[in-house]
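Coordinate inspection notes
So the chains spell out like this:
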Amino acid sequence: MYHTMDDLNPKEVTLLEGFWKERNHLLADVIIPYQWDTLNNRTEGVPLSHAVENFRIAAKELEGIPGGTIFQDSDVAKWIEAASYSLMFQPNSELEASIDELVRLIEKSQHSNGYVNTFFTAKGIEQRWSDLEMGHELYCAGHLIEASITYYQATGKRRLMDVMIRYANLIAEEFGPEKGKLHAYDGHPEIEIALYRLAAASDDERYMNLADYFMNIRGSVRTMYATTNAEGARKPKSRWFEADYFVADKPIRSMTEVTGHAVRAMYLYAGMTDQCRHTGEPELWETLTELWNNLAQKRVYITGAIGSQSHGERFTVDYDLPPDRGYTETCASIGLVFWAWRMSLIDMDSRYADMIERAMYNGALSGISLDGKTYFYVNPLEIIPSITTFRHDMEHVLPHRAGWFDCACCPTNIARLIGSIGKYIYSFTDTHVYIHQYISSEAEVPLGNQKVSILQETKYPWNGEMHLTMHMQGSVQVSLSLRKPHWCDDFKLLVNGTEWDGWHMEKGYITIDRVWASSDTVALELEMPAKFFQADSRILDYCGKTALMRGPLVYCLEEIDNGAQLQELLIDQHGDIKVEEGVIQSSPTTTLLLDGYRETLRVEELYEPVRQNKRTKVRIKAIPYFQWGNRAKDQEMRVWFRTV
Ligand SMILES: [Zn+2]
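Because the structure is predicted, anything quoted here is derived from the model rather than measured.

**A short note on empty space enclosed by the protein**
- Per the counting criterion, the structure on display carries one cavity of 30 Å³ or more.
- Approximately 40 Å³ is the volume attributed to the largest cavity.
- Looking at the largest cavity, the residues that line it are Leu16, Gly18, Phe19, Trp20, Lys21, Tyr438, Ile439, Ser440, Thr458 and Tyr460.
- Taken together, the residues of the lining of the largest cavity break down into six nonpolar, three polar and one charged.

**Brief notes about the pairing of strand E14 (residues 521-526)**
- Counting buried positions along E14 gives five out of six residues, so the element sits mostly inside the fold.
- Examined bridge by bridge, strand E8 (residues 465-471) and E14 share five bridges and lie antiparallel to one another. Each residue of the ladder has a partner; that of Leu468, found in E14, is Val522.
- Looking at chain direction, strand E10 (residues 491-495) and E14 are connected through five bridges and run antiparallel. Considered in E14, the bridge of Val495 is made with Val522.

**Remarks on the sheet that holds E14**
- One open sheet holds the seven strands; their spatial order is E2-E6-E7-E8-E14-E10-E11, and the pairing between them is antiparallel. This sheet does not close on itself; its edge strands, each paired only once, are strand E2 (13-15) and strand E11 (498-499).

**Some details on the pairing of strand E7 (residues 450-458)**
- Counting buried positions along E7 gives seven out of nine residues, so the element sits mostly inside the fold.
- In terms of strand pairing, strand E6 (residues 441-447) meets E7 through seven bridges, oriented antiparallel. Pairing of Glu444 across the sheet is with Ser453, part of E7.
- Linking two consecutive strands that pair antiparallel, namely E6 and E7, is a turn of two residues; a positive phi of about 60 degrees is found at Gly448 within it.
- Pairing analysis gives six bridges linking E7 to E8, with the strands arranged antiparallel.

**Details of the packing of helix H3 (residues 51-58) against helix H4 (residues 72-89)**
- The interhelical angle for the contact between H3 and H4, taken along N-to-C directions, is 110 degrees, at an axis separation of 8 Å. Compared by their axis directions, H3 and H4 come out roughly perpendicular. Facing Ala51, Val52, Asn54 and Phe55 of H3, the residues of H4 in contact are Gln72, Asp73 and Val76.
- Taken together, the residues that form the contact of H3 with H4 break down as four nonpolar, two polar and one charged.

**A closer look at the layout of surface pockets**
- Computed from the structure, the largest pocket encloses a volume of approximately 850 Å³.
- Asp7, Tyr196, Arg197, Ala200 and Arg277 are the residues nearest the centre of the largest pocket, which is lined by 34 residues in total.
- Looking at side-chain class alone, the lining of the largest pocket contains 16 nonpolar, five polar and 13 charged residues.
- Both domain 1 (49-240) and domain 2 (250-421) contribute no fewer than three residues apiece to the lining of the largest pocket.

**Some thoughts on the coordination of the zinc ion**
- Distances from the zinc ion to its protein donors, Glu329 (OE), Cys331 (SG), Cys409 (SG) and Cys410 (SG), fall at 2.0 to 2.3 Å.
- The coordination sphere of the zinc ion comprises four donor atoms, whose angles at the metal cover 93 to 119 degrees; the geometry is tetrahedral.

**So, the domain arrangement of the chain**
- Per the domain assignment, the segments of the chain are domain 1 (49-240), domain 2 (250-421), domain 3 (426-526) and domain 4 (530-643).
- When each unit is reduced to the centre of its C-alpha atoms, the spacing between domain 1 and domain 4 is 45 Å.

**Brief notes about the packing of helix H13 (residues 330-344) against helix H14 (residues 350-364)**
- Interhelical geometry of H13 versus H14 gives an angle of 165 degrees and a closest axis separation of 8 Å. Relative to H14, the element H13 is oriented roughly antiparallel. The element H13 and its partner H14 pack so that their crossing is left-handed. In contact with Thr330, Ser333, Ile334, Leu336, Val337, Ala340, Trp341, Met343 and Ser344 of H13, H14 contributes Tyr352, Met355, Ile356, Ala359, Met360, Gly363 and Ala364.
- Looking at side-chain class alone, the contact of H13 with H14 contains twelve nonpolar, four polar and no charged residues.

Here is what the cut-offs are and how they apply
- Residues numbered from 1 in each chain as written.
- Predicted model: local features only at pLDDT ≥ 70, side-chain atom pairs only at ≥ 80, totals over all residues.
- Heavy atoms only, no water.
- 1 Å grid on protein atoms, 1.4 Å probe; cavity = no way out; pocket = protein on both sides within 12 Å on 5 of 7 lines; lining within 4 Å.
- Points joined across faces, edges and corners; volume = space filled by probe spheres on them.
- Nonpolar A, V, L, I, M, F, W, Y, C, P; charged D, E, K, R; others polar.
- Buried < 20%, exposed > 50% of the residue type's maximum accessible area, 1.4 Å probe, protein only.
- Helix = DSSP H or I, 4+ residues; strand = E, 2+ residues; numbered from the N terminus.
- Pairing = 2+ DSSP bridges.
- Axes fitted to C-alpha atoms, helices over the stretch in contact; angles between N-to-C directions.
- Parallel < 35°, antiparallel > 145°, perpendicular 65-115°, else oblique.
- Contact = heavy atoms within 4.5 Å.
- Domains from an automatic or database assignment.
- Donors = N, O, S within 2.8 Å, 3.2 Å for Na, K, Ca; no water.
- Tetrahedral: all angles 85-135°; square planar, octahedral: opposite > 155°, others 65-115°.
- Left-handed = near helix turned anticlockwise from the far one by under 90°.

Written out as structure tokens, the structure is:
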């Protein structure tokens, strides 16, 4: 069984100077305060959130009816979770007081039976569970449970966790296989992963059993038909979507393809993997592997984005990955990180940590601006603003980040991912430590029968060098595994300053077995040249096109650097590539300068017989995809381009 820093306490990892520490400073100094103001309706010019106000109403401290979406409580929960991670990084008594005040309100809004939900409190709690498919009650409960655990880990304060345990107990009383209980599951998975976390945090198996129940009943009943506890009144709701939208069209063990609403799918598969982790069931693992292969080999964007269609915010069919009108929601990439992480805890294969890297540095991080105040919900790989803003089938795509949304699931989700980044660095057994992500940090990892301090120093993702120093009492026999990223062909490994070839490769991890002594060092130098990538030719939109990566970062071309009509550019694959360090909006970057051409064709009657077109030599600038849209609004951008 592999352990994680989350099994101990994420506080055991301290971020040091580098890429993710900068982002955690931004989280503490800008993102958390900005989101707090917004959740309190204090940010000008953005849709009102009402999220905190709703709890005041539910706590009977304010008159009114709840505003915002029906799942607005989850924004509060995800903010508490992000703020809790931020407290681990940077203590802040004022912030802690704000959370405590919120916890007081949540507790006051709790019904005597344990129920917590602002919308259904307003409707009357006899209406609870009356719309499990779209009502998001268990989804909100799950996020509140997760928030309560993280706040407890950050501060040692149990009050919110006790509130949520009372709520979880009510859910366990009202749902389950026993006669007289509701035989149903939630339309939006989340309660499952939360209950697995709660089972571990409270050491109470009941919550694990309940999570297993929600997993196993999925696909065997249509939840909306079992959704009322009003005596005898089992009126079906009107069908918003087919069952596959809810990823509930078949029992989990019969699933073979990633389908349905992409965020729902990710949270569900993450829960299935939690279940498999504790049961060790081979059939479920086979299902998960099949689903993973379907996603990784046929249904994921190069940026780690997922969800190819806005209708149903969902997966479509194999190889359908349009760059300009996909759904590519920030939350879906975040969900992919959750799922991939859990897969890696069963099968220590680098493909999972590679996917985490792909999603977090690209499809997830593009969801937030470099100043921390604006957000993408949809993360396209190609934008032509005049077309995007006109077309009906692209109305979900914004050509610039927004300050908030009516449905604001993504901003608080990216905030908690940034805050929790430390937990994705390591996993370990008693005698083996895996380093999945290269992030400057210091961690206390229990190895052998002692705590080993691991100091990791790196400028990743800007360069591929990483330096480790270990400190311990005496010595310890431990295997150390370092991920060799999928994009890396060559590397150099040094132990105590001397090149070391006594390593072996274990499922994508460079592994060293030896007895370590205090102050031993390991240096890994991953070659990180800019590299061109092509796609499977069955992906319609990328046939004959090329993308550019350097290390884990996908690059893009932006109008501000290269002029409009980016499709006219051709990059010379064999030309010179100049790698330049710089800044974008005072945030460090590494840009690429490439040789290439612009091939412009202007034809009066639109079409003409083919002739040799004139090409003008140009230098083309590419920037990391996650940094696009930060220097000017409504710019053309593209990830896939033509080459010569
Ligand atoms: Zn979202």
